[in-house]
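If you want the building blocks of each chain, they are given just below.
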Protein chains: 2
Amino acid sequence: MKQYNVAIVGATGLVGQTFIKVLEQRNFPIESISLFASDRSAGKKMFVNHQEIEVKETAPESFQGIDIALFSAGADISLHFSPIAAQAGAVVIDNSAAFRMIPAVPLVVPEVNPEDIKKHKGIIANPNCSTIQMVVALYPLHKVNPIKRIIVDTYQAVSGTGSAAIDELTMQAKQVLEGQGTIPHVYPHQIAFNILPEIDVFLDNGYTKEEWKMVNETRKIMHADDIAISATCARVPVFNGHSEAVHVEFSQTMSPDEARRILSQAPGVKLLDDPVISLYPQPWSASGTDEVYVGRIRQDVSHPRGLAMWIAADNVRKGAALNAVQIAEEIIKREWIHPKGGADEKVRALIDSDGNSL
Amino acid sequence: MKQYNVAIVGATGLVGQTFIKVLEQRNFPIESISLFASDRSAGKKMFVNHQEIEVKETAPESFQGIDIALFSAGADISLHFSPIAAQAGAVVIDNSAAFRMIPAVPLVVPEVNPEDIKKHKGIIANPNCSTIQMVVALYPLHKVNPIKRIIVDTYQAVSGTGSAAIDELTMQAKQVLEGQGTIPHVYPHQIAFNILPEIDVFLDNGYTKEEWKMVNETRKIMHADDIAISATCARVPVFNGHSEAVHVEFSQTMSPDEARRILSQAPGVKLLDDPVISLYPQPWSASGTDEVYVGRIRQDVSHPRGLAMWIAADNVRKGAALNAVQIAEEIIKREWIHPKGGADEKVRALIDSDGNSL
């Protein structure tokens, strides 16, 4: 079986560490693995498959001979190094928002639009965490009965912000329990025992970028530009695992039983829906697992063709690292690794002019 | 100024204690105060206006000479003792769900439907906490531009369950932070660093009673039986203060600016809406205050006549104790204390036949 030279950019971060864990757990066919990060983290040692690897600073020459480069080091690093990596012949799977809405860059959830990978020019974008878990649950229903409108309100864990946010929640929770005051650093206000309806920056229209990602990315992944979508994204004092209250309007009526039947056979979905025994998705138990959990499926009584449901998943795994590795697996399985020099001028021009737009 | 003989039933509970605090803070005109609870709590001493009062067991004869009886001891106690208290001449303001949906019983939020108090027959119902804060924020908009549909997803604090739930969150949070396991008692699953989409019991239609209360009580309070409403209610690891993501569809378009203008003058509402400086409602800062806070007001981009917003309030104060005391103040101000023997046969018949229905 062919093996691949893999690079991880942002290896020391929360998603970077989870890339390693997921690659190991799934026996990803690794020929060699290179770990990159900022100069601050260079020199650190990390273990991959019981082998000690030194983290190096990301540099233009880092990508020589790399087949697959998994990026999770923020949009600026992605904007700078992804085209270089693609030019060097690697397929980049980028977890940042830098390239997601560029038309020529595939934005992929393997359970939903794996075929989109095929047209990649060296860079494939991994969607936003909240969007991934929602489309895994909704796409199987949409295929049967096209969705007209989605209203989603999220309950997002601090792990989505990174390990500093996990430390902040830990520290603040201890301080509150000991009757002390807290000082926010990572978030604008205290997150322990509090809720903050602010994720990513605010746009002029009053939405946050996070909310707007759910609108645009859902449409792009599902190839459904006419779905009306509105989201409120809130940060909750949960370490890991995002939850979502979702209200969907379909083209035709869909019964809860039909939705359950479809979702019980849907890829990547696990149905947890038995109110009588308090069985429903929870972030605490979703954490550390691969599935997107769906439950609380019921008629949306406010709309004749509506369903309401509750979705939870591990936002660092399925919402980031796992989804990226699944994309890499698709690339391998379908032999969609293109010859070197794949990032063509057109894509790079788009990136330059538009890379910061979303 | 006339003073009143006040009774509190359920005085030792979280809402009961807050009744006392609110009565003190608002200089409620108290002639005498009697504190009642279960036999388990009888004999306890509590302070009201620096005066030590002994808690007595609630009994049929407890209400002789009482003008105003504030109940918060659960639906069973309310069903049993409220008609007795009303028969003895007291006006009962009941915080349980026992009487809320009985047509002849007023269900009142003073900022919304104070006139409904007038027709009381001895019992006035205090609405569900999540419903109160939502209607305080939405009614001023509804008056100008009738609401057609509401979708609301809640982030509800454990104080809504009572003091045992506050203890459970405290204990479990400590255990998790120390790397220990947790054992749930009050809730079906761990609440620390977790989210539970289950509040009150499940109904056959897949909704919880809490969600269904938001449907029925909103319609009754706002006198708007045709508003379509759907809710998902979730318990979050917050000690006090409920938050709500709300999506509203109006009869006509309403701009965010118009909504802000209306809400900036609305009774009981405080607008906190300046994203640039991360100003929006938060349960942590709403806790211990009287206002219903509204922010994140923006076009709901999924509907041509929609607005989205974020609401937070202290669920034990405005969601329970404060609202009840405000009802009592209205009764006094408008001289709506009726002569003794106010609970007529018709109401009591309805209670007997229907009291457990919601």
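Just so it is clear, the model here is predicted, and its values are computed rather than measured.

Draft legend 1. Representation of the overall build of chain A in the model. When helices and strands are counted, chain A shows nine helices and 14 strands. Expressed as lengths along the three principal axes of its C-alpha atoms, the size of chain A is roughly 60 × 55 × 40 Å. Taken across its 358 residues, chain A has 58% of its residues classed as buried. Sequence-distant contacts in chain A: of pairs separated by 6 or more residues, those separated by 24 or more amount to 68%.

Draft legend 2. Examining the sheet that holds strand S5 (residues 56-57) of chain A more closely. All names here are of chain A. Ordered in space as S5-S2-S1-S6-S7-S8, the six strands form an open sheet in which the pairing is parallel. Two strands in the sheet have a free side with no partner beyond their single neighbour: S5 and strand S8 (123-125). Where strand S6 (residues 68-71) lies against strand S7 (residues 91-94), four bridges are found, and the strand directions are parallel. When the sheet's bridge partners are listed, Ala69 is paired in S7 with Val92. Sheet strands in contact with helix H2 (residues 75-87) are strand S1 (4-9), S6, S7 and S8, and its direction is about 160 degrees off that of S7.

Draft legend 3. Highlighting the pairing of strand S13 (residues 292-299) of chain A. Residue and element names in this part refer to chain A. The buried fraction of S13 amounts to eight of the eight residues, a majority that puts the element mostly inside the structure. Bridge count between S13 and strand S14 (residues 306-313): six bridges; the pairing is antiparallel. Residue Val294 lies in a different strand from S14, and its bridge partner there is Ile311. Hairpin connection between S13 and S14: a loop of six residues separates the two successive antiparallel strands.

Draft legend 4. Inspection of the interface of chain B and chain A at higher detail. Facing 51 residues of chain B, the contacting portion of chain A comprises 51 residues. Broken down by secondary-structure element, the contributors of at least two residues to the side of chain B that touches chain A are strand S9 (147-156), helix H4 (163-177), strand S10 (228-235), strand S11 (242-250), helix H7 (283-286), strand S13 (292-299) and strand S14 (306-313) of chain B. When residues of the side of chain B that touches chain A are assigned to their parent elements, the largest contribution, five residues, is made by S10(B). For the side of chain B that touches chain A, the per-class residue count stands at 29 nonpolar, 15 polar and seven charged.

Draft legend 5. Quick peek at the relation of the copies chain B and chain A. With an RMSD of 0.0 Å, chain B superimposes on chain A once it is rotated by 180 degrees and translated 0.0 Å along the axis. The transformation just described matches what one would write down for a two-fold rotation axis. Of the interface residues in chain B, 100% have counterparts in chain A that sit at the interface too, so the contact is made through matching surfaces.

Draft legend 6. Region of the structure containing the domain arrangement of chain A. Residue and element names in this part refer to chain A. When the domains of chain A are assigned, the result is domain 1 (4-126 + 318-354) and domain 2 (130-315). Computed from C-alpha coordinates alone, the two centres of domain 1 and domain 2 are separated by 25 Å. Taken together, the contacts link 15 residues of domain 1 with 23 residues of domain 2. Sorting elements by how many residues they give to the side of domain 1 that touches domain 2 places helix H8 (residues 317-333) first, with five residues. Taken together, the residues that form the side of domain 1 that touches domain 2 break down as eight nonpolar, four polar and three charged.

Draft legend 7. Structural context of the packing of helix H4 (residues 163-177) of chain A against H4(B). Remark: H4(A) packs on H4(B), axes separated minimally by 11 Å, with the N-to-C direction vectors making an angle of 135 degrees. Here H4(B) runs oblique to H4(A), going by the angle between their axes. Seen from above, H4(A) lies across H4(B) with left-handed handedness. Judged by residue contacts, Thr170(A), Ala173(A), Lys174(A) and Leu177(A) of H4(A) engage Thr170(B), Ala173(B), Lys174(B) and Leu177(B) from H4(B). The class makeup of the residues in the contact of H4(A) with H4(B) is four nonpolar, two polar and two charged.

Draft legend 8. Layout of the sheet that holds strand S9 (residues 147-156) of chain A. Residue and element names in this part refer to chain A. Reading across from one edge, S10-S9-S11-S14-S13-S12 is the order of the six strands in this open sheet, with mixed pairing throughout. On the outer flanks of this sheet lie strand S10 (228-235) and strand S12 (269-271), each paired with one strand and no other. Averaged over all pairs of adjacent strands, the angle between strand axes in this sheet comes to 20 degrees, irrespective of strand direction. Packed onto the sheet, helix H5 (residues 209-222) meets S9 and S10 and runs at close to 145 degrees relative to S10.

Draft legend 9. Structural context of the pairing of S14(B). Among the eight residues that make up S14(B), eight are buried, leaving the element largely enclosed by the rest of the structure. Side-chain alternation along S14(B) places Gly306(B), Ala308(B), Trp310(B) and Ala312(B) on one buried face and Leu307(B), Met309(B), Ile311(B) and Ala313(B) on a second face that is also buried.

Draft legend 10. Looking closely at the environment of Ala86(B). Assignment of secondary structure puts Ala86(B) in helix H2 (residues 75-87). Linking Ala86(B) and Val22(B), residues 64 residues apart in sequence, is a C-alpha distance of 23 Å.

Draft legend 11. How the structure looks around the environment of Glu111(A). Residues and elements named next belong to chain A. Positionally, Glu111 belongs in the loop between S7 and S8. The buried category is assigned to Glu111, around which 20 C-beta atoms lie within 10 Å. Apart from residues lying up to four places away in sequence, Glu111 is in contact with Val136, Tyr139, Pro267 and Gly268.

Draft legend 12. Highlighting the packing of helix H1 (residues 14-25) of chain A against H8(A). All names here are of chain A. Packing of H1 against H8 brings their axes to within 9 Å, and their N-to-C directions diverge by 50 degrees. Compared by their axis directions, H1 and H8 come out oblique. Like other packed secondary-structure pairs, H1 and H8 cross with a definite hand, here right-handed. Between H1 and H8, the residues in contact are Val15, Thr18, Phe19, Val22 and Leu23 and Arg317, Ala320, Ala321, Leu322, Ala324 and Val325, respectively. For the contact of H1 with H8, the residue count by class is nine nonpolar, one polar and one charged.

Draft legend 13. Local environment of the nonpolar core. Ala69(A), Ala90(A), Ile311(A), Ala69(B), Ala90(B) and Ile311(B) are the most contacted members of the largest nonpolar core, which has 236 residues in total. Ignoring sequence-local partners within four residues, the contact set of Ala90(A) consists of Ala7(A), Phe63(A), Ile66(A), Asp67(A), Ile68(A), Ala69(A) and Ala85(A).

Draft legend 14. The arrangement of unusual backbone geometry in detail. The phi dihedral of Asn27(A) is positive, around 50 degrees, even though this residue is not glycine. Along the polypeptide, Asn27(A) turns up in the loop between H1 and strand S2 (30-37). In this structure, Asp200(B) takes a positive phi of about 65 degrees despite not being glycine. When the 17 C-beta atoms within 10 Å are taken as the criterion, Asp200(B) is described as partly exposed.

What counts and what doesn't
- Residues numbered from 1 in each chain as written.
- Chains lettered and ligands numbered in written order.
- Predicted model: local features only at pLDDT ≥ 70, side-chain atom pairs only at ≥ 80, totals over all residues.
- Helix = DSSP H or I, 4+ residues; strand = E, 2+ residues; numbered from the N terminus.
- Buried ≥ 20, exposed ≤ 12 C-beta atoms within 10 Å, placed from the backbone.
- Contact = placed C-beta atoms within 7 Å.
- Pairing = 2+ DSSP bridges.
- Axes fitted to C-alpha atoms, helices over the stretch in contact; angles between N-to-C directions.
- Nonpolar A, V, L, I, M, F, W, Y, C, P; charged D, E, K, R; others polar.
- Least-squares fit on C-alpha atoms with pLDDT ≥ 70 in both.
- Domains from an automatic or database assignment.
- Parallel < 35°, antiparallel > 145°, perpendicular 65-115°, else oblique.
- Left-handed = near helix turned anticlockwise from the far one by under 90°.
- Core = buried A, V, L, I, M, F, W, Y, C linked by C-beta atoms within 7 Å.

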